[in-house]
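Chain by chain, the residues run as shown.
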Amino acid sequence: MKLHKIAGLYVGLEYSHELMSVRAPKYESKDRPKIIDIVISSSPESIDRVRETAPSLSDSECEYLYVGASFYNCLVEFNGFMLHSSAVVYKGNAYLFSADCGTGKSTHTQLWLKAFGEDAKILNDDKPAIRIMDDGIYAFGTPWSGKHNINEDIKVPIKGICFLHRSDKNEIKRVSAKEVVPEMLKQIQRPTDVARVDKLFENMETVLEKVPVYRLGCNMDVEAAHVAYNGMK
Amino acid sequence: MRVKSGYILREVAGNYIVVAVGEEAVDFNGLITTNETGAFLWEKLSNNISEQELIDAMLQEYEVDEKIAAEDISLFIRKLEDAELLINE
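Everything in this summary refers to the structure shown in the same document.

Calculation criteria
Residues numbered from 1 in each chain as written. Chains lettered and ligands numbered in written order. Predicted model: local features only at pLDDT ≥ 70, side-chain atom pairs only at ≥ 80, totals over all residues. Heavy atoms only, no water. Contact = heavy atoms within 4.5 Å. Buried area = accessible area lost by both parts, 1.4 Å probe. Salt bridge = Lys/Arg side-chain N within 4 Å of Asp/Glu carboxyl O. Polar contact = N/O pair within 3.5 Å; in protein donor to acceptor, adjacent residues only side chain to side chain. Helix = DSSP H or I, 4+ residues; strand = E, 2+ residues; numbered from the N terminus. Buried < 20%, exposed > 50% of the residue type's maximum accessible area, 1.4 Å probe, protein only. Pairing = 2+ DSSP bridges. Axes fitted to C-alpha atoms, helices over the stretch in contact; angles between N-to-C directions. 1 Å grid on protein atoms, 1.4 Å probe; cavity = no way out; pocket = protein on both sides within 12 Å on 5 of 7 lines; lining within 4 Å. Points joined across faces, edges and corners; volume = space filled by probe spheres on them. Nonpolar A, V, L, I, M, F, W, Y, C, P; charged D, E, K, R; others polar.

**Considering the interface of chain A and chain B**
The partner chain B presents 16 residues to the 12 residues of chain A that form the contact. Regarding the contact of chain A and chain B, the summed buried area is about 1,300 Å², with carbon and sulfur atoms giving 67% of it. The largest share of the area that chain A buries against chain B comes from Arg 190, Thr 192 and Phe 201 of chain A, three residues that together contribute 36% of it. Across the contact surface, chain A and chain B share 1 salt bridge. Inspection of the region where chain A meets chain B yields 5 residue pairs in polar contact (both at pLDDT 80 or more).

Here you go:
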């Protein structure tokens, strides 16, 4: 079992396959904490359980997904959750872009890198952790970032959460918390036990009280990044 | 009739949301959104109740014409049946 620090939590991880071995070490910690917040060990059984829902995946991919899903389920108890989104950091703030797979989340945040150059960077390209802390709402990089290993071990305050869809014209508008809940819930990993579902809903409401949410229609022109930033800054 | 166990109704930031929990969540990880009236009917359907009793309950709670209430409830029940969320016992 190796100790990691992920999203500000001490996490003991035990794994045996390649993907975890490549992506987890960045988050290893040499601290000696009194309490380890979360412990996850993968086993052949847990790998098989993932494969039941996704038969085409390798052992390594199943393990990676299993450990990630377990972490995000536990995260709920530490005032957080995972939002399926690409998170970009610019001028000290994080902007999260969420949508169904294939809509163009990563494509859009890549446009930010083009528009703002070295001042912008990707925090996590697919599954950032969100946590409610004493002094605000933060996004964290994690080892689980989708197809590409694009994530940074950093903590950044969230300035806005944006749901994007494709459009010919680049347009952003603020939307109410109430309006966005069903859409947002679709992009959040949801635990299956009642107590954690209730905690997740509570966390979500807190985040929606404190972080503005937007809807962005965007194309693949670099202008889309400027429109999004100007609407959310 | 009543709704299957394993589903919970919650209000989240002004939305009424039904999600599956426990074993049911393995087969159903989607979510159902409904309005205040739907939430009222869902709560009533957590215990065994007949269609007529549902109509009576709605007429007591809301100022609504009986014919319209009956139509709405029939539609709501059909939606739940289509989603395989109701059991008749």
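Once the structure has been displayed, the description carries forward.
**Quick notes on the pattern of salt bridges**
Residue and element names in this part refer to chain A. Scanning the model with the defined rule gives 11 salt bridges over all chains in all. Residues Asp 48 and Arg 51 are paired through a salt bridge, measuring 3.6 Å at the closest nitrogen-oxygen approach. Residue Asp 48 and its partner Arg 51 are located together in helix α2 (residues 44-53), separated by 3 residues, close to a single helical turn. When its relative accessible area of 21% is taken as the criterion, Arg 51 is described as partly exposed. The partner of Arg 51 in a salt bridge is Asp 59, and the shortest N-O contact between them spans 2.3 Å.

**Description of the sheet that holds strand β2 (residues 9-14) of chain A**
All names here are of chain A. Taken together, the 3 strands give an open sheet; going across it, the order is β1-β2-β3, and neighbouring strands pair in mixed fashion. With partners counted over all chains shown, the strands left at the sheet margins are β1 (2-6) and β3 (38-41), one partner each. Going from strand to strand, the sheet's axes swing by 30° on average, the running direction of each strand aside. Summarising the sheet, β1 and β2 pair through 5 bridges and their orientation is antiparallel. Following the sheet pairing, Leu 3 is matched in β2 by Gly 12. Where helix α3 (residues 59-75) meets the sheet, its contacts fall on β1, β2 and β3, and the angle it forms with β3 comes to roughly 160°.

**Looking at the side chain of Arg 190 of chain A**
With respect to the element layout, Arg 190 of chain A can be found in the loop between α5 (177-186) and α6 (194-210). Of note is the side chain of Arg 190 of chain A, whose polar atom sits 2.9 Å from the backbone oxygen of Gly 30 of chain B. Not counting chain neighbours up to four residues away, the residues in contact with Arg 190 of chain A comprise Asn 73, Leu 185 and Leu 200 of chain A together with Val 19, Asn 29, Gly 30 and Leu 31 of chain B.

**Thoughts on the layout of surface pockets**
Computed from the structure, the largest pocket encloses a volume of approximately 1,400 Å³. At the level of elements, α2, α3 and α5 of chain A together with α1 (23-27) of chain B are the ones that each hand at least two residues to the lining of the largest pocket. Sorting elements by how many residues they give to the lining of the largest pocket places α3 of chain A first, with 8 residues. Classifying every residue of the lining of the largest pocket gives 18 nonpolar, 11 polar and 6 charged. The space that makes up the second largest pocket amounts to roughly 480 Å³. What lines the second largest pocket is a set of 20 residues, among which Cys 101, Asp 126, Gly 146, Lys 147 and His 148 of chain A lie closest to the centre. Breaking the lining of the second largest pocket down by element, the ones donating at least two residues are α1 (18-23), α3 and α4 (105-116) of chain A. The dominant element in the lining of the second largest pocket, judged by the number of residues it contributes, is α3 of chain A, at 3 residues. Tallied by class, residues from the lining of the second largest pocket come to 5 nonpolar, 8 polar and 7 charged.

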